[in-house]
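Spelled out, the chains give:
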Amino acid sequence: MENRVIHRIKTISEYHKVMGLPKPEHPLISIVDYGSIQLPCKASMGFMFDFYTILIDRDFKGNMKYGQQSGDFEEGVLFFMAPGQVFEVSVEEAESINRSGWVLLIHPDFLWKTTLAKKIRQYDFFNYTVNEALFLSDKEEKSILAIMEGMAQEYRNNIDKFSDPVIIAQLELLLTYAERFYQRQFITRKKYSHTILDRLESLLNEYFNSDRLSTEGIPTVKYVASSLNVSAGYLSNLLKVLTGKSTQHYLQDRLIENAKAQLSTTNQSVSEIAYGLGFEHPQSFSRLFKLRTNLSPLAFRASFNWNADAEGSTVHTKNEVLN
């Protein structure tokens, strides 16, 4: 998709016009039959929407790219886009386009002065990439579609002072179901989930066994997620389900295990170990170690009954003794 043009669509009315749809029945929210969309006949297209998009896609035969990841959408999936994210579609031939499903569009102005206006950004799956989409069971898809149909019925037939609060409540219910289904997917797609975990372990083993800790510092969450070709939010949520830890916590625990090994098997000073692990200040290392183990590095070393000669051969700074 080189030299592509990204089409920015600011309003839901503009979206309807570009996609060859009738005017929306509500300016700030719309539910669209995906099969009725008439994409421009181009081999590749890029779009950026200024509104939230929730898509149930059953059998699109082209290729979609969302963020930096591509996904083959030959199975039914549910995925989410926040405003300002780039969404790309490519097909080999215009006539090969075939799709079915539903698209829910929500403009941020619709959420104005509601608790969901801030809360909606807390749902990490709005920042997941395409290959991290939610694979729905038939039962789960029916639950999501039932909520969408209820929202559509509300804005089409019963516009009064209760309409918006009812739709907001239904939208919150849909997002809550999505969270539940994602938690289920982390567990039921064990092979995929554990493959990521195995790759993470290999990545960290390679990183920790090289000199990169001392030269580049502790690997960041962004670096690790990028190396695994997943989004940072998805990786953190996956690890929370599989290990009970966030990515940051997981990385810190691996670092502490490395530190424990050095404290118990070498006579390096705490400062030397800290610098070797990528810390600019030994005090920062000592604080993290104590936070994770309830012991200072020196207290942990002492628990291994180091003899006086070994300790005497180690030069400790004033700060190390205090820690």
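In this text the structure is predicted, and so the values were computed from the model without any measurement. (Residues numbered from 1 in each chain as written. Predicted model: local features only at pLDDT ≥ 70, side-chain atom pairs only at ≥ 80, totals over all residues. Heavy atoms only, no water.)

Some points on helix α8 (residues 232–243)
Here is step 1: Look at α8: 16 Å from first C-alpha to last across twelve residues, which is about the 16 Å you get at 1.5 Å a residue.
Here is step 2: Buried within α8 we find Tyr234, Leu235, Ser236, Asn237, Leu238 and Leu239. (Helix = DSSP H or I, 4+ residues; strand = E, 2+ residues; numbered from the N terminus. Expected span 1.5 Å × (residues − 1). Buried < 20%, exposed > 50% of the residue type's maximum accessible area, 1.4 Å probe, protein only.)

Description of the environment of Leu174
Here is step 1: For Leu174, the position within the fold is in helix α4 (residues 163–188).
Here is step 2: Residue Leu174 is classed as buried on the basis of its relative accessible area of 0%.
Here is step 3: Sequence separation between Leu174 and Ile147 is 27 residues, and the spatial gap between their C-alpha atoms is 6.5 Å.

As for unusual backbone geometry
Here is step 1: One non-glycine residue, Asn229, adopts positive backbone phi at about 60°.
Here is step 2: Mapped onto the elements of the fold, Asn229 is located in the loop between α7 (221–227) and α8.
Here is step 3: Located in the positive-phi region is Asn294, a residue other than glycine, with phi close to 65°.
Here is step 4: Residue Asn294 is classed as exposed on the basis of its relative accessible area of 66%.

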